[in-house]
Amino acid sequence: MLRISRDLTIDENDIEISFVRASGPGGQNVNKLSTAAQLRFDTSRITLPADAKARLNRLAGQRMTKDGVIVIHAQRFRTQERNRADAIDRLLELLREAMIRPIPRRPTKPTLGSKKRRLEGKKRRSDVKAKRGSGGFDD
């Protein structure tokens, strides 16, 4: 069992990991070995609150299929073990982030003193600009 939060755990048997050939540079090693890990996790197997499910859907983006399966492709490392651990860590981090409720913003009003200071500064700047011009010609 993998613990995501205080009230959410997932069973390791629900995570499917297969190994595929990695792309990119690496010479013959890339062509011979299947080291990239492809993790698949069906989100319908866990019970998430509705708001957490919506956040998970938004955070996963392209990594989540229409059926609710999260697909993570890990090929950062050269060994299967490290890529497997990396894929699981990325899944857990995604689920942890989805479980965090954002703190609602409480709108505040500017204080009376800050309003007066702002207007005073504007008045001072206005006086500086007004004195720049010439006073006119007395011809």
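Bear in mind that the values here come from a model prediction, so they are computed numbers and not experimental data.

Participant: Whenever I open this one, the overall build of the protein chain confuses me. Can you help?
Facilitator: A tally of regular secondary structure across the protein chain gives four helices and five strands. The order of α-helices and β-strands along the protein chain, N terminus first, is β-β-β-α-β-α-β-α-α. Residue burial in the protein chain is summarised as follows: out of 139 residues, 27% are buried. Total accessible area on the protein chain stands at roughly 10800 Å², and carbon and sulfur atoms take up 49% of it.

Participant: For this particular structure, what's the right way to read the side chain of Asp86?
Facilitator: Relative to the helices and strands, Asp86 resides in helix H3 (residues 80-99). Judged by its relative accessible area of 8%, Asp86 falls in the buried class.

Participant: For this particular structure, what's the right way to read helix H2 (residues 50-60)?
Facilitator: Quick reminder: α-helices carry 3.6 residues per turn. Residues three or four places apart thus point the same way. Within the sequence span of H2, burial applies to Ala52, Arg55, Leu56 and Ala60. Taken down its axis, H2 places every buried residue within 125° of arc, on the same side. Away from its buried face, by an angle of more than 90 degrees, H2 presents the exposed residues Ala50 and Arg58. Buried residues in H2 make contact with strand S5 (69-74) and H3.

Participant: Quick question: what am I supposed to make of the side chain of Thr43 here?
Facilitator: Its location among the elements puts Thr43 in the loop between strand S4 (36-42) and H2. Not counting residues up to four positions away in its chain, the partners in contact with Thr43 are Leu56, Met64, Gly68 and Ile70.

Participant: Would you mind going over the sheet that holds S4 with me for this structure?
Facilitator: Hydrogen bonds along the backbone pair up the strands of a sheet, which may run parallel or antiparallel. Taken in spatial order, the three strands make up an open sheet running S3-S4-S5, and their pairing is antiparallel. In this open sheet, the two strands that pair with only one neighbour each are strand S3 (15-20) and S5. The average undirected angle you get between the axes of adjacent strands in this sheet is 20°. Note: S4 against S5, six bridges, orientation antiparallel. Residue Gln38 lies in a different strand from S5, and its bridge partner there is His73. Here H3 sits on the sheet in contact with S3, S4 and S5, set at roughly 140° to S5.

Reading the values: the criteria
Residues numbered from 1 in each chain as written. Predicted model: local features only at pLDDT ≥ 70, side-chain atom pairs only at ≥ 80, totals over all residues. Heavy atoms only, no water. Helix = DSSP H or I, 4+ residues; strand = E, 2+ residues; numbered from the N terminus. Buried < 20%, exposed > 50% of the residue type's maximum accessible area, 1.4 Å probe, protein only. Areas by Shrake-Rupley, 256 points an atom, 1.4 Å probe, with all protein chains shown as cover. Arc of directions from axis to C-beta. Contact = heavy atoms within 4.5 Å. Pairing = 2+ DSSP bridges. Axes fitted to C-alpha atoms, helices over the stretch in contact; angles between N-to-C directions.

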